[in-house]
Structures are given as C-alpha cells and as structure tokens.
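If you want the building blocks of each chain, they are given just below.
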Amino acid sequence: MGKTTTEYQPAHPLSAQPYCLDVETVARDLHVSIENGLSPQEAETRLQSYGQNKLDAEEGVNVIAILVRQTANAMILVLILAMAVSFGIQSWIEGGVIAFVIALNVAIGFIQEYKAQKTMDSLRSLSSPTAHVIRNGDDVTVASQELVPGDLVVLVTGDTIPADLRLTETQNFESDEALLTGESVPVSKKAEAVFDDDEIPVGDRTNMAFSSATVTKGRARGVVVSTGMQTQIGAIALAMRGEGNKVRPVKRKEDGTASPKAYAKAYTLTVGDWIGAFLGTNVGTPLQKKLARLAILLFGIAVVFAIVCLAANNFDNNSDIIIYAIATGLSMIPASLVVVLTITMAVGTKRMVQRNVIVRKLDSLEALGAVTDVCSDKTGTLTQGKMVTRKAWIHNVGTYTVGENNEPFNPTLGGVSFSEQNPTELWNKEANIGQEASEPKTLVEGNPHLEAYLNVASLANIATVRMDDGSGEDASEKGKWKATGDPTEIAIQVFAHRFDWGRQRWVQGSNPRWQQLAEYPFDSDVKRMATVFRDNEKNQTMVFLKGAVERIMEKCPTIGIEDKQEPLTEEIKDLVLKNMEALAKQGLRVLALAQRTWTENNSWDDYPRDKVEQEMTLLGLVGLYDPPRPESHGAVKKCHQAGINVHMLTGDHPGTARAIAKEVGILPEDMEVLPRDVVSSMVMTATEFDRLSDDEIDALPVLPLVIARCAPQTKVRMIDALHRRKAFAAMTGDGVNDSPSLKRSDVGIAMGMAGSDVAKDASDIVLTDDNFASILNAIEEGRRMFDNIQKFVLHLLAGNVSQALYLLIGLAFKDTADRSVFPLSPIEILWIIMITSSFPAMGLGMERAAPDVMRRAPHSLKTGVFTWEVVIDMVVYGTWMATICIASFVLIVWGVDNGELGYGTCNDRNDPICDSVFRARSTTFAQLTWFLVFLAWELVDMRNSLFRRADGKPWYNITYQWAIDVWGNQFLFWSVILGFVTVFPVIYIPVINDVVFKHKGISWEWAVAFVGLVLFLIGVDLWKWCKRVYFRHFGDNRAHNPEEDLEKGALSPFAQYASAGKVSTMSGQV
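The rules we used
- Residues numbered from 1 in each chain as written.
- Predicted model: local features only at pLDDT ≥ 70, side-chain atom pairs only at ≥ 80, totals over all residues.
- Heavy atoms only, no water.
- Helix = DSSP H or I, 4+ residues; strand = E, 2+ residues; numbered from the N terminus.
- Buried < 20%, exposed > 50% of the residue type's maximum accessible area, 1.4 Å probe, protein only.
- Areas by Shrake-Rupley, 256 points an atom, 1.4 Å probe, with all protein chains shown as cover.
- Salt bridge = Lys/Arg side-chain N within 4 Å of Asp/Glu carboxyl O.
- Patch = residues over 30% accessible without salt bridge, like charges linked within 9 Å, V, L, I, M, F, W, Y side chains within 5 Å.
- Pairing = 2+ DSSP bridges.
- Axes fitted to C-alpha atoms, helices over the stretch in contact; angles between N-to-C directions.
- Contact = heavy atoms within 4.5 Å.
- Lys, Arg positive; Asp, Glu negative; His and termini not counted.
- Charge placed at Lys NZ, Arg CZ, Asp CG, Glu CD.
- pLDDT = per-residue confidence, 0-100.
- Parallel < 35°, antiparallel > 145°, perpendicular 65-115°, else oblique.
- Left-handed = near helix turned anticlockwise from the far one by under 90°.
- Nonpolar A, V, L, I, M, F, W, Y, C, P; charged D, E, K, R; others polar.
- Phe/Tyr/Trp six-rings, centres within 6.5 Å; stacked < 30°, edge-to-face > 60°.
- Lys NZ or Arg CZ within 6 Å of the ring centre and 35° of its normal.
- Polar contact = N/O pair within 3.5 Å; in protein donor to acceptor, adjacent residues only side chain to side chain.
- Expected span 1.5 Å × (residues − 1).
- Core = buried A, V, L, I, M, F, W, Y, C linked by side-chain atoms within 4.5 Å.

Asks: So what's going on with the overall build of the protein? Residues and values would help.
Replies: Along its length, the protein carries 38 helices and 28 strands. A burial count over the protein gives 55% of its 1070 residues as buried. Of the roughly 44600 Å² of accessible surface on the protein, 55% is carried by carbon and sulfur atoms.

Asks: Account for the pattern of salt bridges, naming residues and giving values.
Replies: Tallied over the entire structure, the rule returns 30 salt bridges. A salt bridge links Glu42 to Arg46; the nearest nitrogen and oxygen atoms lie 2.6 Å apart. Of this pair, Glu42 and Arg46 both sit in helix H2 (residues 40-50), four residues apart, which is roughly one turn of the helix. Among the residues examined, Glu42 registers a relative accessible area of 29% and is labelled partly exposed. Arg513 serves as the salt-bridge partner of Glu537, at 3.9 Å between the closest nitrogen and oxygen. Taken together, the residues Glu537 in the loop between strand S17 (528-535) and strand S18 (540-548) and Arg513 in the loop between helix H15 (503-507) and strand S16 (514-523) connect sequence positions 24 residues apart. Its relative accessible area of 60% is what places Glu537 among the exposed residues.

Asks: Help me get a handle on a nonpolar patch on the surface, residues and values and all.
Replies: Taken together, the side chains of Leu81, Val85, Phe299, Val303, Ile307 and Phe315 define a hydrophobic patch exposed on the protein surface, amounting to about 500 Å² of accessible area. Contributions of two or more residues to the nonpolar patch are made by helix H4 (74-88) and helix H9 (286-312). Broken down by element, the residue count for the nonpolar patch peaks at three residues, all from H9. The topology assignment puts Val85 in helix H4.

Asks: Tell me about the sheet that holds strand S8 (residues 357-359), residues and numbers included.
Replies: In spatial order, the strands read S8-S28-S27-S26-S9-S23-S25-S24; together these eight strands make up an open sheet with mixed pairing. Of all the strands in the sheet, just S8 and strand S24 (683-685) have a single pairing partner and so form its edges. Adjacent strand axes in the sheet meet at a mean angle of 20 degrees, parallel and antiparallel pairs treated alike. Of the pairings in the sheet, the one linking strand S23 (residues 645-649) to strand S25 (residues 706-708) comprises two bridges and is parallel in character. Its bridge partner lying in S25, Met648 is registered against Val706. Each of S23, S24 and S25 touches helix H20 (residues 654-664); the most contacted strand, S25, lies at about 155 degrees to it.

Asks: Could you give an account of a negative patch on the surface, with specific residues and numbers?
Replies: On the surface, Asp196, Asp197, Asp198 and Glu199 cluster together into a patch of negative charge. Summarising the element assignment, Glu199 is placed in the loop between strand S5 (187-188) and strand S6 (208-209).

Asks: Please set out the confidence of the model for the protein residue by residue, giving values where relevant.
Replies: In the predicted model, the protein carries a mean pLDDT of 79, and the fraction of residues at 70 or more is 82%. Every residue in residues 122-128 is under pLDDT 50, and counting partners more than four places away or in other chains gives 18 contacts.

Asks: Describe the packing of helix H27 (residues 772-810) against helix H28 (residues 826-836), naming the residues involved and giving the relevant values.
Replies: Contact geometry for H27 and H28: axes closest at 11 Å, N-to-C directions at 165 degrees. On the basis of the axis angle, H27 is roughly antiparallel to H28. Where H27 crosses over H28, the two elements pack in a sense that is left-handed. Mapping the contact onto sequence places Asn800, Gln803 and Leu807 in H27 and Ile829, Ile832 and Ile833 in H28. In terms of residue class, the contact of H27 with H28 is built from four nonpolar, two polar and no charged.

Asks: How would you summarise the packing of aromatic side chains if you had to cite specific residues and measurements?
Replies: All chains considered together, the criterion is met by 26 aromatic pairs. Summarising the aromatic geometry, the rings of Trp937 and Phe973 are spaced 6.0 Å apart at their centres and angled 40 degrees between planes, so their arrangement reads as tilted. With a gap of 36 residues between them, Trp937 in helix H31 (residues 915-938) and Phe973 in helix H33 (residues 970-981) connect regions that are remote in the sequence. Relative accessible area serves as the criterion here: at 16%, Phe973 is assigned to the buried category. Measuring from centroid to centroid gives 6.4 Å for Phe980 and Phe1010, while their planes differ by 55 degrees, and the two rings are tilted. With a gap of 30 residues between them, Phe980 in helix H33 and Phe1010 in helix H36 (residues 1005-1034) connect regions that are remote in the sequence. An aromatic cluster of at least three residues, connected via ring pairs, comprises Trp930, Phe934, Trp937, Trp967, Phe973, Trp974, Phe980, Phe984, Tyr988, Trp1006 and Phe1010. The lysine or arginine in question, Arg505, covers the ring of Trp501, its NZ or CZ lying 5.4 Å from the ring centre. A cation over an aromatic ring shows up here: Arg943 above the ring of Phe1031, its NZ or CZ 3.5 Å from the ring centre.

Asks: Explain the environment of Arg135 to me, and be specific about the residues and the numbers.
Replies: Within the secondary structure, Arg135 sits in strand S1 (residues 130-135). Judged by relative accessible area, which is 12%, Arg135 ranks as buried. Between the C-alpha atoms of Arg135 and Asp151, which are 16 residues apart in sequence, the distance is 7.7 Å. Engagement of the side chain of Arg135 in a polar contact is seen with the side chain of Asp151, the distance being 2.7 Å.

Asks: Let's hear about helix H24 (residues 712-724): which residues, and what values?
Replies: For H24, which comprises 13 residues, the first-to-last C-alpha distance of 19 Å matches the rise-based estimate of 18 Å (1.5 Å per residue) to within 8%. Considered for burial, the residues of H24 that qualify are Thr714, Lys715, Val716, Arg717, Met718, Ile719, Ala721 and Leu722. Just downstream of H24 lies Lys726, where phi reads positive at about 60 degrees.

Asks: Which residues make up the environment of Ser820, and what values do they have?
Replies: Within the secondary structure, Ser820 is located in the loop between H27 and H28. Distance in space between the C-alpha atoms of Ser820 and Asn313 is 6.6 Å, their sequence separation being 507 residues. The contact partners of Ser820, leaving out residues within four places of it in the chain, are Ala312, Asn313, Leu811, Phe813, Lys814 and Asn907.

Asks: I'd love a proper account of the environment of Leu891, names of residues and values included.
Replies: Along the polypeptide, Leu891 turns up in helix H30 (residues 868-896). Taking the relative accessible area as the measure of exposure, Leu891 reaches 39% and is therefore partly exposed. Taking C-alpha positions, Leu891 is 10.0 Å from Glu1005, a pair spaced 114 residues apart along the chain. If we skip the residues at most four places from it in the chain, Leu891 touches Val896 and Val1008.

Asks: Describe the nonpolar core, with residues and values.
Replies: Counting residues in each nonpolar core, the largest one holds 181 residues, and the members touching the most others are Ile666 and Phe792. Broken down by element, this core gets its largest block of residues, 19 residues, from H27. In this structure, Ile666 is in contact with Leu382, Val636, His640, Val646, Met648, Ala661, Leu705 and Val706, ignoring residues within four places of it in sequence. In terms of nonpolar packing, the next biggest core, distinct from the first, is built from 34 residues, Val397, Val444, Ala457 and Leu619 among them.

Asks: Tell me what's going on with unusual backbone geometry, and back it up with residues and numbers.
Replies: For Ser212, which is not glycine, the phi dihedral falls at a positive 85 degrees. You can call Ser212 buried: its relative accessible area is 5%. Non-glycine residue Lys726 carries a positive phi angle of around 60 degrees. Inspection of the secondary structure assignment puts Lys726 in the loop between H24 and strand S26 (729-733).

Asks: Account for the pairing of strand S7 (residues 214-226), with residues named and values stated.
Replies: A large share of S7 lies buried, amounting to 10 of its 13 residues. Pairing between strand S3 (residues 152-156) and S7: five bridges, direction antiparallel. Its bridge partner lying in S7, Val153 is registered against Gly222. Across 10 bridges, strand S4 (residues 164-176) lies against S7 in antiparallel orientation. Residue pairing for S7: Gln171 is matched across the bridge by Arg219.

Asks: Outline the packing of H28 against helix H29 (residues 838-845), listing residues and values.
Replies: Two elements in contact, H28 and H29, have axes whose closest approach is 5 Å; the angle formed by their N-to-C orientations is 25 degrees. In terms of their interaxial angle, H28 and H29 are classed as roughly parallel. Where H28 abuts H29, its residues Met834, Ile835 and Thr836 lie against Ser838, Phe839 and Pro840. For the contact of H28 with H29, the residue count by class is four nonpolar, two polar and no charged.

Right, here's the structure in full:
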C-alpha cells in the first residue's frame, strides 16, 4: 500500500490520524465512552449525518446509460436511417417492419444488460452483515450498514471487521488483511501501540483494524473512526473508478508551450475517439469492434447498391423504385445480427450461472474463447483454501499420515496410518506405509509419546473445532463440522480431534483436567507461541510450545520423552532438518512441537517470556497441507488439451508453490529432462521476476509458470509480459490489491465467495464457487459461444450475399418501359432478411458445444470470427443460392412462358401480363426461404455433412442419426420447420400474397422449388467434402498439448514457443 493514507471522516474531527493517537485521545475527540459506547439516539443522529456504512457502486444500475449503449451502435444506426427513409417516402409497411426490428434489438439488449447489472449488485456481500457493538453499556447486534463513527465494536475470532477501527483493547488478536495488503500471514495487533509517523504503511498500523479484514485469532474492541467510502478499502475503490482521461493530451514543447497545430491534432483525435466509441469501432471486444466496422462497411456497400439500383432505372423517382433501392441496400445488412447476438449472449449468461460463473460484462463471453493463458491464484482457487495436517513425525517413534478427504474440518474422514519410517524415507506424501488404524484413538493407548505430542497440538492452540448440534437458526447445518481460528491452528486442532484429543475435551466442564494459566501469543519476531497449563490429574504444570522449526530447536536441549529422551545433538538436529526439508518438498508447511515441565511456584508475572520458553524438549514435526481441489488436476489437464497455458501466481514459499504446481499439473513431473534455462524460468519468486527489466523478461526462454511470494505489481507485470508475447490473458483475483491486474488483463475473473467488491467491480466475470474448474467451464462456454456466433454470422451474411447477387443481377430483367422488373419484391426481401433468417440464426446461437471444442487451439484474435474459411463459405453458399434462384426465375419466365415482363406495372400490381413474373417471384421466394432455414442445419457442423456429423458413427446410421442430431436443438428444429411451412400461407393467402408481397399462388412451380432445394443441399455437402479433403492435408486446428511432448520425451513446448520468438505462448499458436 506504500504510504497511502485515508482522509478519515469521524463524527468529530480527530486531532491527528487515529493510529498516531492514544486510546483516550481518540475517545475524547470522538465524544464516546470506551466503557459504554454511544447512546442509540446519538448513533441515529450520526447515521443521518454521515450515511450508511457501505461501499458506493461505481455507477449503479443506470437505466439511461444502458439505453444509450444499446442504441448507439453502428448496426442500429444503419437500421434507423433505413427506417427514416422508408417513412419519408410513406412506405409504412417497410418502415414499420424495420422499426419493429430496432425496438426488438434495443429491448432485448436493455433487458439482458439490466439483469446482468442487478445480478452483480446481489453479489455485493463483502461487508459483514451484522456487527456487535456496545451502546449504552449493552452488547447489541446491529446491521453493519448502521455503524457510525464513534461506535464501540466487539470483535471475536471469525468476524469480518465492519469498519475501520482504532483498537482500544486486544487479547491475542490477529486479523487477515490480505484483501488490503496482499500479505497472506495474519497481522498481530496491539491496542497500546502509538505511532509518530502519520504516513506509516497500512500493513504496519498494528493499532488499527480495517474494514473487510477477518479476525483469525483472539478478541478485541475498537472504536469506529471511518465508515463506507472513507475506509481504507473505500479509498482504494474510489481510486479505481473511471477509465482515465478520455481527452487526448496536447503534445507540448520542452518549455511547456504548444502550437495551434498540436491543439488541433489533439482535438481531432479526441473527436475521432468519441465518434469511434459512439459507433462501437474502438470499444468492446475484438468481435464487437469487427462487427461495428463491418456494419459501417456494409452500410457503404448498401449505399452503392442502392445507387446502382437507381442508376439502372435512370434515377426514376418512383416510390417503388426508391423502396426497392432501399431494400436492395438492406439486403447487404444482417439486420437481425444485433438481436441474435444479444439473445445468444443472454442465453450463454444463464448457462454460465448454472456452471458457477456470473457474467458481469456480457461481451466477455465471446472474449473467453480467445484465452491463451490463465493466471490463477493458488489458495482457494486451485486449492481448497483450508489447511489440513498431512504428516506428523515423532522422533524415534515414526510418522503418522492422514488420508485424503474433501472436508478439512471433519476429523472423522480420512484414515490415519502409522509407519516407523521417517519422512526422509517416505518420499511421497501418498506413501502411507504401514497399517491404517480402524480407530485412530486406539493409537494413543499405551503410547505416551503420541499423547505428549497431542497435548501440545490441542492445547498450544486456540482454534475451535465442533460439530453443529442444530441449535442455531439454520437447522440444515446440523451434523456439519465447523471451525474458527487461524487456518494453521485449525488444521492442527482437527488432527488432535482425530484421536479424540481436542482442546474442548480437556478444558471444558465442571472439573476439567487441564486449566490454562498463561498464554504467550505468536510473535512474528520469535515465530512461536506458548501456553501454560496445569494438569489437575497429575498435579503438575506444563509449558507447550509450537512454531518455526529452527526457532523451536534453539530452545530445546533435548528431544523425546521418557525412555526415548536424549540430547539434541548436532547430528540429531541435522536429522530433524532433513525431515523438515523432506516434508517441505511435498508442499507442506512444517512446524515443530515441544514441551517442558514447569517446577517454579512464583507468579507468572515474575517470568519473562524468554525464561518460560527455555529448556524445552522437542517432540516432533507437523506437516500442514492446503489440499488442491479434487477437480483442479483434471481442469489444468483440460486447459493444456485446449492449448491454454496455466500460470500460478501465489504468495506461498517457492518450495510449496512448486510442489502444488506439480500436483495439479501446471509443472511437469520430469522437469530435469528440460533445458536448464527453461527450468530456471518456469519457477521464480516475485523478487526475482520484478528485478528484471521488460527487455530481460522478454528475453526469458519461457514466462514463469509459477511465481512465488507474488505481489500485486508482479501480477500487472506478468499480464504486460504476456501481452508483449501477443497472448490473450485471463487473471483471477479476490483482494483489493488484485484490481489493477484484473483491469489490465483481457478477462478479469473475480472470486464471488472470498472476493472484495473492488475486485468484482474490476472484473469481467465472477466465480460463485471460487473454483479453478469453473474457469474451465467459462472458457468452454466462451468457445461454444464463439463457435455459435461464427455460425450464425456466416448464416446471416451468406443470406445477404445470395440476395444481393440475385437482386443486382435481376436488375438486367427490363420490361418494355425500360424499367427493371424485380425478381423479389421489397417486402419479400425484408421478410427474408428480418424474419426468416432471425429464428434459425437464434437457434444456431443456442447450439450445444461441439465434441472437440476443448481440443482446438484458442481462436486467433487477429482474424476473430471472420476466418478465411468463413469468408469463402459465405461467398460459396451465397453464390450457389443466388445461382439456383436466377436459374429458376429464368426457367419460369423464359423457359416455360414467353418472357413477358409487362410495361412498367409488374413491380406494382398483378396484371394478367405479369402472371409469370409473380409466379417466378413466389418460386424464388420459397427457394431462398428454404435455403436459409436448411443452411442453418448445415452450419451446425461447418465441415461435416448434415447426415453424418463428426461423432464417429458409421454410415449405416444415416437413416436415423441425422434426425436425432437435428432434434437435439429443439429451438433450431422448430425454427426450421416454422420457416419451411410459413412459405405456404404467405404465398396463398389473398391480398397478403398479391398486394403486399407482390407474388401469387403456384402449382407445378413447386417442383422447381423442391429440385432447387435438393441441388442446394447437394452443393453444400459437396463443398464440405472438398473442405474436409483440404484440411486433412493442409490444415489442423487441433490444440498443441504440452503433456504430449513430455510423454514423447521431446523438449519442452515452452522452450519451443520461446524459440519461436515473442509471437505466442504456445507452439503452433498465432
């Protein structure tokens, strides 16, 4: 946090910063009694003056802003212009249809964005919902939002601190301030401390407790000095607001002056930025920018086509020709693209919720499919975030190993086995050599060494572990194991409970065996904690000690008890340290346990801590483990199969980080086969990484897969380094200090359970279960979305190409008045592009993920949706549809009839002389409609036939498998059926057919329509066969999996991508 300070807003001005004042001065300045707190009346008055204790949303749900965003985009503006022209020439039907599409687009987009923002508001649960305060001398519970400056707050282990407090009294009090400082170790607090430096860093203000931190140990009282946005977390949230200055800076000379040309340039660029943002060409994801530019390009093409249409008719100002020119232009506008895209993303958002992912920004769904690198936290994301005791070693006795279980607080799950071997001999933490005990507590019987060890484990420990008895408000919690306290102490206490040796058994009740006499809390300087208990059964006093191995050994001249006690010689010290290293290599945090018998009788106040913690006897070591989530290894493996690199950025020790990374599959097991420079770059500490310049980072053979002791600025530099290698990076984060990296990343992923409001505000998506596997779900959903967007964009644009070609070529059909006879009427055109195409395109947007979606490489950010395959498919399908329609029109008008096109009337009314023209229009209208609805089915798989998808099923299943496939997406199925059958009423209903659509009922022409449909399907499948042959020989989009290289004994793929230059982070990835 550096030297950032907060301008506090107490009820009455403080004479200095609260951490620079003693408790009495703070109380006097705030007009509050340290014993009795505020009166309810005074608390209410201050609440009215200073507002509720909550973080303000950056913008909230702004209805007007949402409406503007949904309206101000290039596609909608094109439609608005077309609507205005239609109404201007009094073409009410055409203008009404366009207006309906505009309203539908804006309404759906507005509703979905509004829902997304309201959903995020419901996630704002960072602050503690209630707080215990002293008011009028009574201990009362109030909503945390009702706290005011001057309130006296009572804190106990497990509480979330509801506001910034100046502590007034503390008892063994520690708080986890990782959300603010990034430090994973709880901070010990002392109310009596007073500081002279008013710019002391937040992490060093040990007489303060900060909003959103959690109490991990002890108890305390404190007076509220700031609430809401005036707290430390509020100050950081305020600093994160905004996207920076949107005005281009003026380039100035060395003397500070600037020329008029510099001002003009800055003004021009600023206006250009504003216009680009308004049209959507320079904001949003790559796809949104491309679609905005496409809309502008297609608008230009539409204008050209309209001019060509008018020029072909000598710029006749007849309203029919003008509206036809508009319709011809609109034939190149995928009018339903905006609404289909919005609905598709809305459906994807709902699917994400079912997969534990809440989408905060709707456009991030599309961006997820491009992710090439995931930078993840370890604790709580890859791991469960709950420490467990995995190994316990007792000198000259052996090693106790705890089996796997998914409930770290439950001492009844996971067996305990015993081996006489040392950890140095048990190289693998899964090597449970020895027999598993059916009842762990039987291992204590006749085993004084284990009994002494468990005494220290349970009594040099203030954590509590209990089973919920159902007496609380939530009866569903009955039978669940719960714990409060420091995670490390909880893990050790759970281990003691496995042997029925928990603290509560010995210290509670009317006649407890053990009575606590004194406590020396953990101190970061000495790195140990001690307790003193009297054994009422044996009538003796014991000192129990636990802490860092080296700090405990320096207090122990002996090791072991009774018949196995011996001096702690240098040789035995070396043995202990080797066992410690063996446990640490397994990813375990190692502590030592020791005890002594106290023989003095004086008051404990007569003995300083250092004297009490002398002449101890070392008992053994305990290895603590933060277990990976069971699904993490599989999720990392699937990321590799999908061509995605996983980086772990953690605050843990390098040894622990390396071990966990290997366990979940981020690092290969056989790293020794890789080049030395690659291995040294794979695992680095934040200090090593930050020491490098950008050029030196770019010169690394591989960006680190693991960064230990990671700091917030390290995450930002990592994102920047990935961007310089053209990677598309996702970053996870939960704390306030993660916000800059979340914003800097391409996809920011916040934690819904452990995350702060500030982190959520900076993110694109939120994981409701804080689980790495949910990131994989999000990426899979993003890829499905991208595939489906690609499919319906191809579907819509292929239809546009077919209609544009057909209409432009149709301009050559001139009647005797030298006017073009339109092969499709304006209403037919609008019906096809705005009604017929929309629902099948929506169905494509809802299509399930392809079986190989997570075996492909991330899609290219440079090409996005518009790959060469899509562009060529669009031209081929569009040209084939137009060719069949032109041939059908010519066949009916010239092949069967005499080619009579009338005299300037066939575009307006159904005269007898126009009979063949009206019948030809009906035929080609039916064909184009059917082509587009069946093209949707064909595009479900862009390379395999509709009758044989890429599912490995044999050809003899063709008779029924295709039906099963098309029925799988029922929205698409009924869209195709509806599009197919609506042709008949539109062609046959009187008035609608000849007056509105300018066509008429047909008879034998249906044969032409059906033959055209068959030819279309044959042509599409023939083209797909050609593509399969090509890609089989010249193209492969399969993801590059690093694990396959290791299995083949090849060099690391990370060395390969490094040698390929700074283009990608994975071999074969562009």
